[in-house]
Amino acid sequence: MKSSKEYDIIIIGGGFYGSMLALFLSLTFKKIAIFEQESQLMTRASYHNQARVHNGYHYPRNFITALRSHANYEKFIATFPEAIDDTFLMTYAIAKNTSKVTSAQFIKLCKQIGAPLRPLSKKVKDLFNTRLIEEIFAVDEIVFNAAKIRKKLEKELKQRKINIYLNREVTSIGAVNELLCVKLKDGKSYTAKKVFLCTYSHINSVLKSSQLPLLSFKHELTEMPLITMPKGLEKFGVTIMDGPFFSIMPFPDRKMHSLHHVRYTPHASWIDERAQTFDKSKINSKFLYMYKDAQRYIPRLSGISYKDSLFEIKTVLTQNEGNDGRPILFRKDHGLKNLYIVLGGKIDNIYDIYNELGKDLGISLKDYIFLS
Ligand SMILES: Cc1cc2nc3c(=O)[nH]c(=O)nc-3n(C[C@H](O)[C@H](O)[C@H](O)COP(=O)(O)OP(=O)(O)OC[C@H]3O[C@@H](n4cnc5c(N)ncnc54)[C@H](O)[C@@H]3O)c2cc1C
């Protein structure tokens with residue numbers, strides 16, 4: 001053991017979750033450190049995603065997830081107003097064939113959760129192939145700019161004097177007397193009263209090397225092409241529901257759109273203890289399959305052009321494989337006293353974790369507001 005330093009809280013993983021938890025915990029604890037293996041915060045799943053601020057529409061088969069998304073939507077906008085892009089027309093279309101939801105069911109869900117649906121102009125409706133699409137709606141759903149969120153989080157973390165250790169891979173967690181001990185690949189170790197494991201697809205990797213009980217996750221190696229839209233559709237977003245279809249939404253940080261296809265975005269999936277690493281240069285893009293399918297629904301999409309792809313491992317709880325739910329995973333005293341495990345299925349789940357953790361530690365969400 002080369003060196004040892006004691007913290008109140010150590011957070012492993014500097015994604016959106018680790019960073020946001022550090023800010024929340026700084027309301028009560030003084031000495032907080034984040035250990036992140038990459039050279040910057042928020043470079044993994046928190047950057048490589050579709051940037052959708054969910055307002056509930058996406059989850060017609062999971063009422064609780066739809067309701068919680070809608071409840072958290074305005075909170076997210078209030079927390080990150082400078083990172084929001086609402087300058088485009090967002091549409092949801094219901095497919096006629098093989099959809100798991102009808103438009104009547106979709107309308108009912110939106111009414112139940114209070115998410116507005118608006119009719120579209122003929123010009124927009126005419127973009128869609130009516131042989132394949134049952135109904136189309138304009139909705140209130142927006143995207144976030146992950147790079148702007150990172151910038152804001154870095155500033156807030158600095159102001160609150162939270163120590164950020166970059167390029168530091170944690171290898172294991174153990175107990176030393178009343179404290180928890182976090183060991184790093186470089187041989188150093190640090191102790192803390194409480195440790196939060198927020199490594200998303202790598203939660204089980206750290207648990208396994210610590211000889212702690214593993215959790216049940218499904219991992220997917222995903223690809224989302226970044227594209228430029230045809231002339232006239234630069235301010236357009238679409239999600240086709242609910243089955244093996246696709247969605248296209250602006251990706252503000254790259255000034256392009258991202259394309260997610262339920263059938264082709266996952267290159268591989270496995271239910272396993274470890275998230276495997278991948279070499280992006282060795283993966284053959286599935287953009288062409290996505291492109292050909294998308295044109296069937298919206299012929300004008302023949303004019304999109306491919307620029308690049310985002311690759312990432314997506315991790316969901318195996319319990320939600322069939323029902324599309326995206327709840328939080330929040331475990332306290334997991335294998336060791338004061339070891340917390342946190343996995344958020346999507347960005348806005350952070351407010352649900354604040355509620356859970358707030359109850360546990362006596363921190364009220366009312367106290368929590370960004371200053372700048
Ligand atoms: C293809 C795809 C599309 C998605 N679309 C959306 C969407 O539109 N809207 C939405 O809300 N959500 C979406 N999500 C989900 C969302 O991205 C995740 O819920 C969220 O980013 C998880 O945040 P995190 O901080 O837990 O994970 P991450 O951002 O991955 O952070 C975990 C961090 O831990 C670090 N780490 C890992 N192991 C170690 C270690 N041993 N030591 C130190 N550091 C370590 C990693 O480098 C990483 O920075 C999508 C996800 C994917 C993959």
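Structural notes, computed from the coordinates. (Residues numbered from 1 in each chain as written. Predicted model: local features only at pLDDT ≥ 70, side-chain atom pairs only at ≥ 80, totals over all residues. Heavy atoms only, no water.)

### Quick word on the overall build of the protein
Line of reasoning, step 1. For the protein, the helix and strand inventory stands at 8 helices and 20 strands.
Line of reasoning, step 2. Compactness check: the protein gives a C-alpha radius of gyration of 21 Å against a globular reference of 21 Å for 372 residues, within 12% of the reference.
Line of reasoning, step 3. In terms of overall dimensions, the protein has C-alpha extents of about 70 × 45 × 35 Å along its principal axes.
Line of reasoning, step 4. Here the protein holds 372 residues, and 56% of them are scored as buried.
Line of reasoning, step 5. For the protein, restricting intrachain contacts to residue pairs at least 6 apart in sequence, the fraction spanning at least 24 positions comes to 75%.
Line of reasoning, step 6. With the model as given, the accessible surface of the protein reaches about 16,500 Å², and the carbon-plus-sulfur share is 51%.
Line of reasoning, step 7. Averaging the positions of the 55 positive and the 37 negative side-chain charges in the protein gives two centres separated by 2 Å. (Helix = DSSP H or I, 4+ residues; strand = E, 2+ residues; numbered from the N terminus. Rg over C-alpha atoms; globule rule 2.2 N^0.38 Å. Buried < 20%, exposed > 50% of the residue type's maximum accessible area, 1.4 Å probe, protein only. Contact = heavy atoms within 4.5 Å. Areas by Shrake-Rupley, 256 points an atom, 1.4 Å probe, with all protein chains shown as cover. Lys, Arg positive; Asp, Glu negative; His and termini not counted. Charge placed at Lys NZ, Arg CZ, Asp CG, Glu CD.)

### A short note on the site of the ligand
Line of reasoning, step 1. Around the ligand, the structure places 33 residues, and the nearest of them are Glu36, Ser46, Val170, Gly344 and Ile347.
Line of reasoning, step 2. Within the side chain of Ser46, an N or O atom sits 2.5 Å from an oxygen atom of the ligand.
Line of reasoning, step 3. A distance of 2.9 Å separates a nitrogen atom of the ligand from a polar atom in the backbone of Val170.
Line of reasoning, step 4. Taken together, the residues that form the shell around the ligand break down as 11 nonpolar, 14 polar and 8 charged. (Near = heavy atom within 4 Å. Polar contact = N/O pair within 3.5 Å; in protein donor to acceptor, adjacent residues only side chain to side chain. Nonpolar A, V, L, I, M, F, W, Y, C, P; charged D, E, K, R; others polar.)

### Side note on the packing of aromatic side chains
Line of reasoning, step 1. According to the stated counting rule, one finds 24 aromatic pairs in the structure shown.
Line of reasoning, step 2. Geometrically, the ring pair formed by Tyr7 and Tyr165 is edge-to-face, given 6.4 Å between the ring centres and 85 degrees between the ring planes. On the criterion of sequence distance, the pair formed by Tyr7 in strand 1 (residues 6-12) and Tyr165 in strand 9 (residues 163-165) is long-range, its members being 158 residues apart. Like Tyr165, Tyr7 is buried.
Line of reasoning, step 3. Aromatic side chains Tyr165 and Tyr190 sit 5.3 Å apart centroid to centroid with 55 degrees between the ring planes, which places their arrangement in the tilted category. (Phe/Tyr/Trp six-rings, centres within 6.5 Å; stacked < 30°, edge-to-face > 60°.)

### Here's the deal with the pattern of salt bridges
Line of reasoning, step 1. With the rule as written, the count across this model stands at 19 salt bridges.
Line of reasoning, step 2. Among the ionic pairs, Asp348 bridges to Lys346, the shortest N-O distance being 2.8 Å.
Line of reasoning, step 3. By sharing partners, the salt bridges in this structure join Glu38, Arg44 and Glu312 into a single network. (Salt bridge = Lys/Arg side-chain N within 4 Å of Asp/Glu carboxyl O.)

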